[in-house]
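Chain by chain, the residues run as shown.
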Amino acid sequence: MIETKSAVDYISIDGESLSLEQVISVARGSTPVKLHVSGKAKLLKSRGAVEKILAGDQVVYGVNTGFGKFSDVTVSAEDRNTLQKNIIMSHACGVGEPLPREAVRAMMLLRANSLTKGFSGVRLEVVQLLLDLLNNNIHPVVPCKGSVGASGDLVPLAHIALAMIGLGEVEFHGRVLPSAEVFKQVKLHPVTLSAKEGLALINGTQYMSALGCLAAYDALELVKASAISAAMTFEALEGLPNAFDPRIHDARPHSGQKRCAMAMRRLLDGSELMIRKNHKRVQDAYTLRCIPQVHGASLDAVDYVKKVLETEINSATDNPLIFPDAGDVISGGNFHGQPLALALDFLAMAVSELGSIAERRIERLVNPALSGLPPFLTERGGLNSGMMILQYAAASLASENKVLGHPASLDSIPTSGNQEDHVSMGSIAAKKVGTVIDNVSWIIAGEMLAAAQALDFARHTIGKGAQVARRLVREVVPHWDEDRILYRDLHNVHDLLLTGMVNRKVEMEVGLLV
């Protein structure tokens, strides 16, 4: 959602140290990716362990057996490569619209990083092809639906692997073409999968974690934008800044709460409200007074989700895992998406609350009984409806988010003949949190639009943060003198928000917000 420009020449993956910010720089900033020398060594070592297995008569799941319910079927040596090709073709069963480019790029990066950890037994050339696709801006077409979030994200990852073996479709220079045709154009070669490699490419949590990384990054940006829009509203409604006194928050020292209170103090710095002696009220409504408590709880949730994701994206999430030093191959369940499913459900609820409280602030801005401002922020009400319907739109989005807040992780439908009898549905949690974030971004844009209009009626000196934000809004939307087409103004502010400029410009003026 938020535009990102890369600040580095390239990133180097080793399976151990990939950060959320690096994922975003590759997904949205097209930062090139290289394989770290230590990653190459681990890949070669784990593949050597697989070759030893192939030279002997040991039966190993996914190497010389079928998959899932067919794990008890042994596959002959001459059919092992066909087995790996077959799993890609048979599991490429996605439905729905194609994922956006940024999500596919994140998936490819995360799968490469996980394989580079050295527990999956794939050849170096398999990982290098993933990186070559990324660096040449070749993006497999991946349908957005079909994963149940256990045995990994089999379906969407199979579509990436399908392109890698020359049988799928890719997006290249704005066109969707057969991958084999694009490979010829850029002088790449499809990979012929060997033992274990087909399973290793699709048996992971990279759909969930890719969408999760994008969502977590955007959620943090929304926490900042929410603070800015809240400060604008706070100024317009002449709130009581006592609620942000650090002593209050030291008495209940949740990290997010303290940081959000500090953000409000920074945003209000220079405001007449901060030094005013005689205020109109003794205390404010919760949507103003409890900004640190509500926003802060959401910030704590984002921090938690980021920690879960950064553990996950540096993990081995396929099965079985190869332990070359001991010569062991162990079947387990690291592909199960439960840690992500719970975290992403939590993130959806946390971000939804940012929208819920912002919608209530919009209501306070447009309702003259609550604001003391012109009804619906228009001076010629009756002939003009002003920003009346802005609150309707925000209410619709906030209500939709309440439906989307139902935890996907509470559901499970057994698969593979009941061999895989508990699944996470983390893929659904990952998909819907993106919708929640998009909805909230529109609500925050609506609050900024309404608050900028309300600030035009302000009779006091407003703080530095609100000043910067109002100026930016006014650069794309003029003052509302009389009714005009409202959606255009809302879209202009939303576009401004998505550039990240509001957050950047305000932070340049007042310092880091969180």
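Before going into details, it helps to say that this report is about the structure given with it. Model, not experiment: these values are computed from the prediction.

Rules used in this analysis
Residues numbered from 1 in each chain as written. Predicted model: local features only at pLDDT ≥ 70, side-chain atom pairs only at ≥ 80, totals over all residues. Heavy atoms only, no water. Salt bridge = Lys/Arg side-chain N within 4 Å of Asp/Glu carboxyl O. Helix = DSSP H or I, 4+ residues; strand = E, 2+ residues; numbered from the N terminus. Buried < 20%, exposed > 50% of the residue type's maximum accessible area, 1.4 Å probe, protein only. Axes fitted to C-alpha atoms, helices over the stretch in contact; angles between N-to-C directions. Parallel < 35°, antiparallel > 145°, perpendicular 65-115°, else oblique. Left-handed = near helix turned anticlockwise from the far one by under 90°. Nonpolar A, V, L, I, M, F, W, Y, C, P; charged D, E, K, R; others polar. Phe/Tyr/Trp six-rings, centres within 6.5 Å; stacked < 30°, edge-to-face > 60°. Lys NZ or Arg CZ within 6 Å of the ring centre and 35° of its normal. Pairing = 2+ DSSP bridges. Contact = heavy atoms within 4.5 Å.

### Quick notes on the pattern of salt bridges
Here's step 1: According to the stated counting rule, one finds 28 salt bridges in the structure shown.
Here's step 2: The partner of Glu102 in a salt bridge is Arg28, with the nearest N and O atoms 2.8 Å apart. Within this pair, whereas Glu102 is found in helix α4 (residues 101-116), its partner Arg28 is found in the loop between α1 (20-27) and β2 (33-35), the two being separated by 74 residues in sequence.
Here's step 3: For Glu102, a relative accessible area of 22% corresponds to the partly exposed category.
Here's step 4: Taking the shortest distance from any N to any O, the salt bridge between Glu197 and Arg47 comes out at 3.9 Å.

### What about the packing of helix α9 (residues 206-236) against helix α14 (residues 338-366)?
Helix-helix packing is characterised by the crossing angle of the two axes and by the distance between the axes.
Here's step 1: Remark: α9 packs on α14, axes separated minimally by 10 Å, with the N-to-C direction vectors making an angle of 20°. Judged on the interaxial angle alone, α14 and α9 are roughly parallel. Crossing of α9 over α14 shows left-handed handedness.
Here's step 2: Split by residue class, the contact of α9 with α14 holds 14 nonpolar, five polar and one charged.

### Notes on the packing of aromatic side chains
Here's step 1: In total, this model carries three aromatic pairs according to the counting rule given.
Here's step 2: Their ring planes at 55° and their centres at 5.3 Å tell us that Phe119 and Phe323 sit as a pair that is tilted. Of the two residues, Phe119 is situated in the loop between α4 and α5 (124-135) and Phe323 in strand β8 (residues 321-323); the sequence distance between them amounts to 204 residues.
Here's step 3: Aromatic side chains Phe234 and Phe244 sit 5.0 Å apart centroid to centroid with 50° between the ring planes, which places their arrangement in the tilted category. One end of the pair, Phe234, is in helix α9; the other, Phe244, is in the loop between α9 and α10 (246-250), and 10 residues separate them in sequence. Phe244 carries the same exposure label as Phe234, and that label is buried.
Here's step 4: Over the ring of Tyr10 we find Lys34, and its NZ or CZ is 4.1 Å from the ring centre.

### Here's the deal with unusual backbone geometry
Note: most residues except glycine have negative phi, and most peptide bonds are trans.
Here's step 1: Here the residue pair Asn319 and Pro320 is connected by a cis peptide bond, since its omega of -5° sits within 30 degrees of zero.
Here's step 2: For Pro320, the location among the structural elements is in the loop between α13 (291-312) and β8.
Here's step 3: For Lys196, which is not glycine, the phi dihedral falls at a positive 80°.
Here's step 4: Structurally, Lys196 can be placed in the loop between α7 (179-186) and α8 (197-202).
Here's step 5: Despite not being glycine, Phe376 shows a phi value in the positive range, around 55°.
Here's step 6: Checked against the element boundaries, Phe376 lands in the loop between α15 (368-371) and α16 (388-404).

### Here's the deal with the sheet that holds strand β4 (residues 138-140)
Here's step 1: As summarised here, the arrangement of the three strands in space is β4-β6-β7, forming an open sheet in which the pairing is antiparallel. For this open sheet the edge positions go to β4 and β7 (175-178), each flanked by a neighbour on one side alone. Averaged over all adjacent pairs, the angle separating strand axes in this sheet is 35°, with direction ignored.
Here's step 2: Against the sheet, α7 contacts β4, β6 (169-172) and β7, and its axis sits at roughly 95° relative to β7.

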